[in-house]
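Summary of structural features
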Amino acid sequence: MKFRKFIVNLIVFFFLFLPLIMWGWWLLTPKKHLKVLIVDKTVLTPEGKEHRSFDWILKYKRYVKENGDFYTPEKDYMGFFPKDNKQYDIHDLKDFTEKQIDSISNYYDMVYYTDTYGIYYNEWYLDTLEKELSRKVYGGLDENDYLLLKRMKERNKLVIGEFNLFASPSCGDLGKKVEKLYNLQWSGWSGRYFATLDTLKNPELPMWIVHYYKNQHNNQWPFKKAGLVFVNVDAHIEVLEKERDLTFEGPIVNTFVFAQEKYNLPDKIFYPFWFDITYSTDTTNEILAYYQLFPNSRGDSILKAYDIPTIFPVAYEHVGGYPFYYFCGDFCDHFAKFNFVQLKGIWYAQIMLLENKLGADGKYFFTKYYTPMVSRILQDYYKDRVQYRD
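Rules and cut-offs
Residues numbered from 1 in each chain as written. Predicted model: local features only at pLDDT ≥ 70, side-chain atom pairs only at ≥ 80, totals over all residues. Heavy atoms only, no water. Helix = DSSP H or I, 4+ residues; strand = E, 2+ residues; numbered from the N terminus. Rg over C-alpha atoms; globule rule 2.2 N^0.38 Å. Buried < 20%, exposed > 50% of the residue type's maximum accessible area, 1.4 Å probe, protein only. Contact = heavy atoms within 4.5 Å. Areas by Shrake-Rupley, 256 points an atom, 1.4 Å probe, with all protein chains shown as cover. Core = buried A, V, L, I, M, F, W, Y, C linked by side-chain atoms within 4.5 Å. Pairing = 2+ DSSP bridges. Axes fitted to C-alpha atoms, helices over the stretch in contact; angles between N-to-C directions. Salt bridge = Lys/Arg side-chain N within 4 Å of Asp/Glu carboxyl O. Phe/Tyr/Trp six-rings, centres within 6.5 Å; stacked < 30°, edge-to-face > 60°. Patch = residues over 30% accessible without salt bridge, like charges linked within 9 Å, V, L, I, M, F, W, Y side chains within 5 Å.

**Some thoughts on the overall build of the chain**
In terms of regular secondary structure, the chain is built from 11 helices and 18 strands. Against the globule reference of 21 Å for 390 residues, the chain gives a C-alpha radius of gyration of 22 Å, in line with a compact fold. The principal-axis extent of the C-alpha atoms belonging to the chain is close to 70 × 65 × 50 Å. Across the 390 residues that make up the chain, the buried fraction comes to 54%. For the chain, the share of sequence-separated contacts (at least 6 apart) that also reach a separation of at least 24 residues comes to 73%. Carbon and sulfur atoms make up 54% of the accessible area of the chain, which totals about 18900 Å².

**Quick look at the nonpolar core**
Within soluble globular proteins, side chains that are nonpolar tend to cluster in buried spots. By size, the foremost hydrophobic cluster in this structure holds 98 residues, and its most contacted members are Phe 54, Met 110, Phe 327, Tyr 370 and Leu 378. By residue number, the principal contributor to this core is helix H11 (residues 363-386), which donates 12 residues. Leu 378 has contacts with Leu 34, Phe 54, Ile 57, Leu 58, Tyr 63, Met 110 and Leu 158, leaving out every residue within four places of it along the chain. By size, the runner-up hydrophobic cluster in this structure holds 17 residues, among which are Phe 163, Phe 194, Trp 208 and Trp 274.

**What to know about the sheet that holds strand E2 (residues 36-40)**
The strands that make up a sheet are held in pairs by hydrogen bonds between backbone atoms, and each pair lies either parallel or antiparallel. Within the open sheet, the 10 strands sit side by side as E5-E4-E2-E6-E9-E18-E17-E16-E13-E14. Their pairing is mixed. Each of the sheet's edge strands pairs with one partner strand only, and the pair in question is strand E5 (88-91) and strand E14 (268-270). Along the sheet, successive strands turn relative to each other by an average axial angle of 25 degrees, direction set aside. Here strand E16 (residues 285-292) pairs with strand E17 (residues 311-318) via 7 bridges, running antiparallel. The residue of E17 that forms the bridge with Asn 285 is His 318.

**A word on the pattern of salt bridges**
With the rule as written, the count across this model stands at 20 salt bridges. One salt bridge connects Arg 244 with Glu 241, and the closest N-O pair in it is separated by 3.2 Å. For Arg 244, a relative accessible area of 33% translates into the label partly exposed. On the basis of relative accessible area, Glu 241 is assigned to the buried category, the value being 5%. Each of Glu 98, Asp 102, Lys 150, Arg 151, Glu 154 and Arg 155 takes part in one network of salt bridges that share partners.

**Examining the packing of aromatic side chains**
Taken as a whole and assessed by the stated rule, the structure comprises 38 aromatic pairs. Here Phe 256 and Phe 258 contribute two aromatic rings whose centre-to-centre distance is 6.3 Å and whose plane-to-plane angle is 15 degrees, an arrangement assigned as stacked. Note on Phe 256: relative accessible area 35%, which makes it partly exposed. With relative accessibility at 34%, the residue Phe 258 sits in the partly exposed group. Each ring, one from Phe 365 and one from Tyr 369, has its centre 5.2 Å from the other, and the planes form 15 degrees; the classification is stacked. Of this pair, Phe 365 and Tyr 369 both sit in helix H11, 4 residues apart, which is roughly one turn of the helix. Of the two residues examined, Phe 365 and Tyr 369, each falls in the buried class.

**Some thoughts on the pairing of strand E15 (residues 274-280)**
Counting buried positions along E15 yields 5 of 7 residues, so the element is predominantly enclosed. Direction of pairing for strand E10 (residues 184-194) relative to E15: antiparallel, over a ladder of 6 bridges. Each bridged residue has a counterpart across the sheet, and for Trp 186 the counterpart in E15 is Thr 278.

**Quick word on helix H7 (residues 207-216)**
Taken together, the buried positions of H7 are Met 207, Trp 208, Ile 209, Val 210, Tyr 212 and Tyr 213. Buried-residue contacts for H7 involve strand E11 (227-232), strand E12 (237-241) and E15. Once H7 ends, the next one or two residues include Asn 218, with phi positive near 55 degrees.

**Some thoughts on the pairing of strand E9 (residues 158-162)**
Burial within E9 is extensive, with 5 of its 5 residues counted as buried. Neither face of E9 is open: one carries Leu 158, Ile 160 and Glu 162, the other Val 159 and Gly 161, and all of them are buried. Where strand E6 (residues 110-115) lies against E9, 4 bridges are found, and the strand directions are parallel. Within E9, the position partnered with Tyr 112 by the bridge is Ile 160. For E9 and strand E18 (residues 324-327), the ladder comprises 4 bridges, and the chain directions are parallel. When the sheet's bridge partners are listed, Ile 160 is paired in E18 with Tyr 325.

**Here's the deal with a nonpolar patch on the surface**
Judged by side-chain polarity, Phe 17, Leu 20, Ile 21, Trp 23 and Leu 27 come together as a nonpolar surface patch covering roughly 480 Å² of accessible area. Residue position: Leu 27 is located in helix H1 (residues 2-28).

This is the structure in structure tokens:
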């Protein structure tokens, strides 16, 4: 009876009192004022999936706006704002004067470009990804985005960018200017892992990819299993399928030891989203990790035919001078749930409960990789450059 009572009391403590302790601990943790500008031009729903993960970290770590309020995914960003009945608002930098851009760069402590791909006619008005890539409703960098990035660099403010910053639809002269600004160079290739390439089973598979591939490959789309899709800037598409072309179905992120130790990262982890193949033109951009693909001889011949490497960078950190990070992937693309964000230590509980290491939904990558990396970036920047400002 005593043992049973002990077990019952333990269960009650775990499910009732422990969350209260974690919540109280979170409440007692001091707020940190950090003026963050988030730019997201790909917001199909008010929840802001493409920047929501970052907002989760900001709230979990208690970073707040100048007025002490927490950042919210629905309103605290610049870009595309969806409304009911296919209406929308756009709040961005496009119509600002150079003086206003200068003032913005002076005000904000950091800027994070989470997604610049934009919104396209078919997916916005027709709710479909069918056939041809439709015309752009909104998206891509403009000259004022470039000017802001330049001013932030000149002021030694933190800039984080990720997949699609200078790729389509921002490629061309403007994309090249941003590349040159941060000494990076996009190869022209992007890619993504899909858990299934079966068009009847995967609603996440854009039909324009299938359509373009069939036009380029004798009207064939023979793929049913998991695999990788590669898209070139000229719209050429290649596909590698599990077993037929790959000995392992997706990309693995391998992190260098120094980055594992600094950012509390695993040595290897599966990556399930879009990525770009981007190189540095300057040795001051230090590579933190690299992707590794696993083609068989057939898959390797396809990759070599189009100069697609099997090993290429995952993330860059600029060393010395201005603080800059570029993630060669859609790192922030995860629908983070805010249910337990106000429980101090909930991240550790999530780590223990994780099961699916392939993590095609992104939860595993978000919890074990993105969260510790971005948390440490913010922590170091806040401590070194923000906390003791005048």
